[in-house]
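# Close look at the chain arrangement
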Amino acid sequence: GRFAFIHSEDEVRFPRGIFLHHAVADLSQLEVGSIVACRVSEDARGRPQAKGPVWLTIGFWPEGTRPTLGTFEGPIARVARNGMGFVENEEISLQYERDCVMHSKLMAMYGLQVGDILSFDLYPASPLPSVCVPCWKSIALPAEAQGPRPA
């Protein structure tokens, strides 16, 4: 489609939802019920519209928790023959002297590939820096991908 509407928890500010245009995000990656995060501005008529970057949740948030963007961001830079993904992030590379890893089962389950940009936290029980799921994938189109993160 050419547009979508995002239901917001803030029904006072956004009683009819937030307009999401196909020029801002890859709408083909969305399904009814998808959880997204984005900035919101108003169009010329004062109606709320999504601004990039737009983030799509990957995985499931524990019941009763509010989804939040991760502490780290980075692209999936390469995928090993075994399907393990490697996410580049300068801060993690400096601290651990290696890229962050994402398990091959998660890469396959969520259809992740080289070039996908993730917002994530680190899995606390892992000896290697590992992407913790749930996390977020940018579905912003290239022109929108470099905007500030939603608050």
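Below is a short write-up of the structure.

Thresholds, definitions, all that
Residues numbered from 1 in each chain as written. Predicted model: local features only at pLDDT ≥ 70, side-chain atom pairs only at ≥ 80, totals over all residues. Heavy atoms only, no water. Helix = DSSP H or I, 4+ residues; strand = E, 2+ residues; numbered from the N terminus. Buried < 20%, exposed > 50% of the residue type's maximum accessible area, 1.4 Å probe, protein only. Contact = heavy atoms within 4.5 Å. Areas by Shrake-Rupley, 256 points an atom, 1.4 Å probe, with all protein chains shown as cover. Lys, Arg positive; Asp, Glu negative; His and termini not counted. Charge placed at Lys NZ, Arg CZ, Asp CG, Glu CD. Polar contact = N/O pair within 3.5 Å; in protein donor to acceptor, adjacent residues only side chain to side chain.

Looking only at helices and strands, the chain features two helices and nine strands. Written out in order from the N terminus, the α and β elements of the chain read β-β-β-β-β-β-α-β-α-β-β. Projected onto the principal axes, the alpha-carbon positions of the chain cover approximately 50 × 35 × 25 Å. Across the 151 residues of the chain, 35% fall into the buried class. In the chain, 56% of the contacts between residues at least 6 apart in sequence involve partners at least 24 apart. Carbon together with sulfur atoms contributes 52% to the accessible area of the chain, which is approximately 9,500 Å² in total. In the chain, 14 side chains carry a positive charge and 17 a negative one; their mean positions are 5 Å apart.

Mapped onto the elements, N89 comes out in the loop between strand 6 (85–87) and helix 1 (90–96). When its relative accessible area of 11% is taken as the criterion, N89 is described as buried. Looking at N89, its side chain comes within polar contact range of the main-chain oxygen of E73, at 2.8 Å. Those residues in contact with N89 that lie beyond four places of it in its chain are F72 and E73.

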